[in-house]
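Fold and contact review
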Amino acid sequence: MGKAPTQRFTFTNKQSASNKMPRLINRNLIFNLVRAQQPISRADLARVSQLQRSTVSLIVEELLAERWIVEGSMGQLPRGRRPTFLHLNDERGVIALDIHPSQTTLAVADLGGRIVAQSLVVLPSNPKKVIGAIVDAIQKMIAANSDRSFDGIGMSLPGRLDLNLEKLIFAPNIDWPIGSIKSRVEQATGLPVAVDNVANACALSEVWFGDSDGIHDLVAVNVSEGIGTGIFANGRILRGEGGLAGEFGHVQMEPEGLPCACGNRGCWETLASNRAGARYYAEITRKQPLPFDAVLKLAQAGDASAKKAIDKMCVALGRGIRMIASALAPDEIVVVGDITTVWYMFGHVVEAEMHRSPLVRVPRLRPAHDGGKARLRSAVALVMNDNRL
Ligand SMILES: [Zn+2]
């Protein structure tokens, strides 16, 4: 299956508000080309993007004025004009925080989403002290990277966030009061904080940093303790009433199935999450349960029971992805999470289940780029996306 066709938009100076979206898509495209191919000239940007030279010049001037990119050395050509090369502004950066039920990671990233420093945040057992510990860790990270100016802090969270009320309304896998984290960190650092559900953030990350340039309809499926999906449709994140869109993880697949953290039974995530994979392994071996990453390592080492368990999880994953494909008909579905480390062994299992569909057209399915860093980079994308709008 080939790459989905990309779309390009042309725009003029006299654009109306309704044309904002194509303009942003082109801007994102140009920024991403500078990121991936720097140093690059304006002429090469026009050639690679297939946008008009005048369109490229306008966007480049805008990105230069906002100092997302800077002009560097002059190019050397045998004859004719000497082009000025463009590259990302290395003096700027973003703080990224990935809050995950099993571990919380803090990082400094450059504007291209490249992680330049990273550390684990050890959370205190007292739930009341968790946010204070996170604030301390962020302040230390900023102090240790004082050579860089920071545009903001992005946080990807394992729950649904009501963006209007700025509170977390659905986080069944977190047991500390996460709701006030945005305001607490903003007060302590003076930097703007962009927060979103990890699956939404991952969808934005694929749009910003993935090779999905120009794609309008993409779903990120984040597989961890639970399953969350982020839906990027018609050029924006689909949020739904109260920010609750995308809870495919809690669609019931087995009415008589196991109890789920949401209070229901037999949800998709009880069958296809990391927890399910670990449980399948314990059921097959009739031994004490192992952590999911240990089961993955065993599968990679060729352990038959572990392979059987991951295979079962991937069949369930593919079945749910088929539901998403049928419901939303996206161009692309991107899987994020530990399971991507064994995609080379089990990706075909997920793919085969997805294809078991009466629909003629199935989306492109792929693991997230740089699987291990995907969640951190998604937090960077939140800041980029906030700045863009
Ligand atoms: Zn559920």
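Here is what the cut-offs are and how they apply
- Residues numbered from 1 in each chain as written.
- Predicted model: local features only at pLDDT ≥ 70, side-chain atom pairs only at ≥ 80, totals over all residues.
- Heavy atoms only, no water.
- Helix = DSSP H or I, 4+ residues; strand = E, 2+ residues; numbered from the N terminus.
- Contact = heavy atoms within 4.5 Å.
- Areas by Shrake-Rupley, 256 points an atom, 1.4 Å probe, with all protein chains shown as cover.
- Buried < 20%, exposed > 50% of the residue type's maximum accessible area, 1.4 Å probe, protein only.
- Pairing = 2+ DSSP bridges.
- pLDDT = per-residue confidence, 0-100.
- Donors = N, O, S within 2.8 Å, 3.2 Å for Na, K, Ca; no water.
- Tetrahedral: all angles 85-135°; square planar, octahedral: opposite > 155°, others 65-115°.
- Axes fitted to C-alpha atoms, helices over the stretch in contact; angles between N-to-C directions.
- Arc of directions from axis to C-beta.
- Core = buried A, V, L, I, M, F, W, Y, C linked by side-chain atoms within 4.5 Å.

Looking now at the overall build of the chain. When you go through the chain residue by residue, the secondary structure sums to 12 helices and 14 strands. For the chain, restricting intrachain contacts to residue pairs at least 6 apart in sequence, the fraction spanning at least 24 positions comes to 64%. Accessible area of the chain: about 17700 Å², with a carbon and sulfur share of 50%.

It is worth spelling out the pairing of strand β11 (residues 227–233) at this point. Of all seven residues in β11, seven are buried; the element is thus mostly enclosed. Where burial is concerned, the two faces of β11 agree: the one with Ile-227, Thr-229, Ile-231 and Ala-233 and the one with Gly-228, Gly-230 and Phe-232 are both buried. Note that strand β10 (residues 218–223) and β11 share six bridges and pair antiparallel. Residue pairing in the sheet places Leu-218 in a bridge with Phe-232 of β11. Where β10 folds back onto β11 in an antiparallel hairpin, the turn is made up of three residues.

What follows covers the confidence of the model for the chain. Predicted confidence across the chain gives a mean pLDDT of 84, with 84% of residues reaching 70 or more. Confidence over residues 1–20 falls short of pLDDT 50; this stretch has 34 contacts with residues more than four positions distant or in other chains.

Bringing the pairing of β10 into the picture now. Among the six residues of β10, six are classified as buried, and the element is accordingly described as predominantly covered. Covered by surrounding structure in β10 are Leu-218, Ala-220 and Asn-222 together with Val-219, Val-221 and Val-223, the residues of both alternating faces. Relative to strand β13 (residues 332–337), β10 runs parallel, the two being bridged by six bridges. By the bridge assignment, Val-223 is partnered in β13 with Gly-337.

Moving on: the coordination of the zinc ion. The zinc ion binds to the protein through His-250 (ND1), Cys-260 (SG), Cys-262 (SG) and Cys-267 (SG), with metal-donor distances spanning 2.0 to 2.4 Å. Around the zinc ion sit four donor atoms; with metal-centred angles ranging over 103 to 126 degrees, the donor geometry is tetrahedral. Positions of the donor residues of the zinc ion along the chain correspond to the pattern H-x9-C-x1-C-x4-C. On the criterion of sequence distance, the pair formed by His-250 in the loop between β12 (236–237) and α7 (268–272) and Cys-267 in the loop between β12 and α7 is long-range, its members being 17 residues apart. Here His-250 falls in the buried class, since its relative accessible area comes to 16%. Cys-267 sits in the buried class, given a relative accessible area of 0%.

In this section: the sheet that holds β12. Read from one edge of the open sheet, five strands run β12-β11-β10-β13-β14, paired in mixed fashion. Pairing within the sheet leaves two strands with one partner each, and these edge strands are β12 and β14 (364–367). Two elements, β13 and β14, share four bridges in a ladder whose sense is parallel. Counted as the bridge partner of Val-335 is Pro-367 from β14. Against the sheet, helix α6 (residues 198–209) contacts β10, β11, β12, β13 and β14, and its axis sits at roughly 45 degrees relative to β11. Its contacts with the sheet put helix α11 (residues 343–355) on β13 and β14, and the angle it makes with β14 is roughly 155 degrees.

The next thing to look at is the environment of Val-342. Along the chain, Val-342 falls in the loop between β13 and α11. For Val-342, a relative accessible area of 0% translates into the label buried. Each C-alpha atom, one on Val-342 and one on Leu-296, is 7.3 Å from the other, the two residues being 46 residues apart in sequence. Residues in contact with Val-342, not counting those within four places in the same chain, are Leu-296, Gln-300, Ile-310 and Gly-347.

Glancing now at helix α5 (residues 181–189). The complete set of buried residues in α5 reads Ile-181, Lys-182 and Val-185. Around the axis of α5, the buried residues are gathered within 100 degrees of arc, so they sit on the same side. Elements in contact with the buried residues of α5: β3 (92–99), α4 (130–144), β6 (149–157) and β9 (193–197). A positive backbone phi angle near 75 degrees is found at Gly-190, which sits one or two residues after α5.

Considering soluble globular proteins, one finds that nonpolar side chains tend to be buried as a cluster. Ranked by internal contacts, the top residues of the largest apolar core, which has 48 residues, are Ile-30, Phe-31, Leu-45, Val-60, Ile-69 and Met-384. Excluding its chain neighbours within four sequence positions, the residues that come into contact with Leu-45 are Ile-30, Leu-33, Val-34, Ile-40, Gln-50, Val-56, Val-60 and Leu-86. Counting residues in hydrophobic clusters, the runner-up holds 38 residues, among them Ala-233, Ala-306, Met-313 and Met-354.

We now examine the sheet that holds strand β4 (residues 104–110). With mixed pairing, five strands are arranged side by side in an open sheet as β5-β4-β3-β6-β9. Only two strands of the sheet have a single neighbouring strand rather than two, namely β5 (115–121) and β9. Along the sheet, successive strands turn relative to each other by an average axial angle of 20 degrees, direction set aside. Pairing between β3 and β4: seven bridges, direction antiparallel. Note that in β4 the partner of Leu-97 across the bridge is Leu-106. Set on the sheet, α4 makes contact with β3, β4, β5 and β6; between it and β5 the angle comes to about 150 degrees. Packed on one face of the sheet, α6 meets β6 and β9 and runs near 105 degrees to β9.

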